[in-house]
Amino acid sequence: MMQQEPEFERIDQLAIGLVASKVLLSAIDLGLFTELAKGPLSAEQIRQRLGLHPRSIRDFLDALVTMQMLERRDGIYANTAETHFYLDRAKPSYIGGIYQMFSTRLYPFLASLTEGLRTGKPQNEIKGGESIFDALYRDPQKLKQFLAAMTGLSLPSAKAMAAKFPWRDCRTFIDVGCAQGGVPVQIAQTHPYLTGGGFDLPMVRPIFEEYVSSFGLQDRLHFVAGDFMRDALPRADALIMGHILHDWNLDQKRMLLRKAYDALTNDGSLIVYERLIDDERRQNLAGLLESLLMLIETQEGFDYTGADCCKWMREVGFRETRVEQLTGPEWMVVGIK
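In this text the structure is predicted, and so the values were computed from the model without any measurement. (Residues numbered from 1 in each chain as written. Predicted model: local features only at pLDDT ≥ 70, side-chain atom pairs only at ≥ 80, totals over all residues. Heavy atoms only, no water.)

### Comments concerning the packing of helix α2 (residues 17–30) against helix α7 (residues 96–110)
How two helices pack is summed up by the angle between their axes together with the distance between the axes.
Stage number 1. For the pair α2 and α7, the least separation of the axes is 9 Å and the interaxial angle reads 115°. For the crossing formed where α2 meets α7, the hand is left-handed. Where α2 approaches α7, its residues L18, S21, K22, L25, I28 and D29 are matched on the opposing element by G96, Y99, Q100, F102, S103, T104 and Y107. (Axes fitted to C-alpha atoms, helices over the stretch in contact; angles between N-to-C directions. Helix = DSSP H or I, 4+ residues; strand = E, 2+ residues; numbered from the N terminus. Left-handed = near helix turned anticlockwise from the far one by under 90°. Contact = heavy atoms within 4.5 Å.)

Structure below.
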């Protein structure tokens, strides 16, 4: 009896997945979901408003319908609940900044992943050996795009963190590597008794202050200028490090955790959140893909499991640690001094 050949559909879907990804990213770049947030439109109306060629407009829109990013009824297209909430640039819940950075900056670098796997070296602007942050932060346009992307990446986790962490035990907090200030704003809005702010490089200050002021929180959230790789961290009851540790090698990770421990008040808490790899390294694909992205983006960075982070925290002195899911692939590791 001939053995039945296995199906290849899963291989095919993964192999051409970059096309589906780029379709969504192009829709975000074009502002499609922002336009549809104003009201449903026909394909021709969308084509005219976005300045698109007629050749592929239906295929483009219907691909998004098939991907469940749009709805179509009687030839009229509308956002789904998710794209209406998260991908309308006019809403404070917009998270598309990170995807815009993927589209315009990161996508071309991913073409060199094979080279990165062979050499172990980054494949972006820092091929010459400098820090990715030196490359991004010296260009005002790239810096603004990067900081907005970090807000988009962190916003869902910030909302979950504001709800799930026991902030009643704190009075002050600092977000280390705060970017625009998306995380401090969410926490301050949810807990009016808290004061705090963000710690980042000096050139971030005006962007942080503009963002915080747009929410009317400038009296409760302040900016502290510094370099967390060189300077001591500000003292607070709670410190937050989101999407920070994975940029660095193991010795640097431990050094940052030690700095956090030293800066916390007695019984203070450090919150580290990332797209953690699951402890068995079998389920959270997002964490593993993020780690491969660190190969492209950094000199020695890598992602890690919750168990890894708890171990490193205990090594620098934290007496208690726990791991808790925030939202989707994002988890937080909490260390208590």
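We are not done yet, so read on.
### Comments concerning the nonpolar core
Stage number 1. If you look at the biggest cluster of nonpolar residues, it comprises 74 residues, and the most contacted ones within it are W167, L239, M241 and L270.
Stage number 2. Looking at this core, the element that brings in the most residues is helix α10 (residues 140–164), giving ten residues.
Stage number 3. When residues no more than four places from it in sequence are discounted, the contact partners of W167 are M161, A162, F173, I187, H191, Y193, L194, A238, I240 and I271.
Stage number 4. Within the second largest apolar cluster, 21 residues are counted, among which are L36, F60, L61 and Y94. (Core = buried A, V, L, I, M, F, W, Y, C linked by side-chain atoms within 4.5 Å. Buried < 20%, exposed > 50% of the residue type's maximum accessible area, 1.4 Å probe, protein only.)

### Quick notes on the packing of aromatic side chains
Stage number 1. Within this structure, the stated rule accounts for nine aromatic pairs.
Stage number 2. Seen in terms of ring centroids, W167 and F173 are 5.7 Å apart; in terms of plane orientation they differ by 65°. Their pairing is edge-to-face.
Stage number 3. Of the residues examined, F173 reaches a relative accessible area of 0% and is grouped as buried.
Stage number 4. An aromatic cluster is built from F165, W167 and F173, whose rings are joined through pairwise contacts.
Stage number 5. The ring of F302 carries the charged tip of K253 above its face, separated from the ring centre by 3.7 Å.
Stage number 6. Above the face of the Y261 ring, K337 is positioned so that its terminal group lies 4.9 Å from the ring centre. (Phe/Tyr/Trp six-rings, centres within 6.5 Å; stacked < 30°, edge-to-face > 60°. Lys NZ or Arg CZ within 6 Å of the ring centre and 35° of its normal.)

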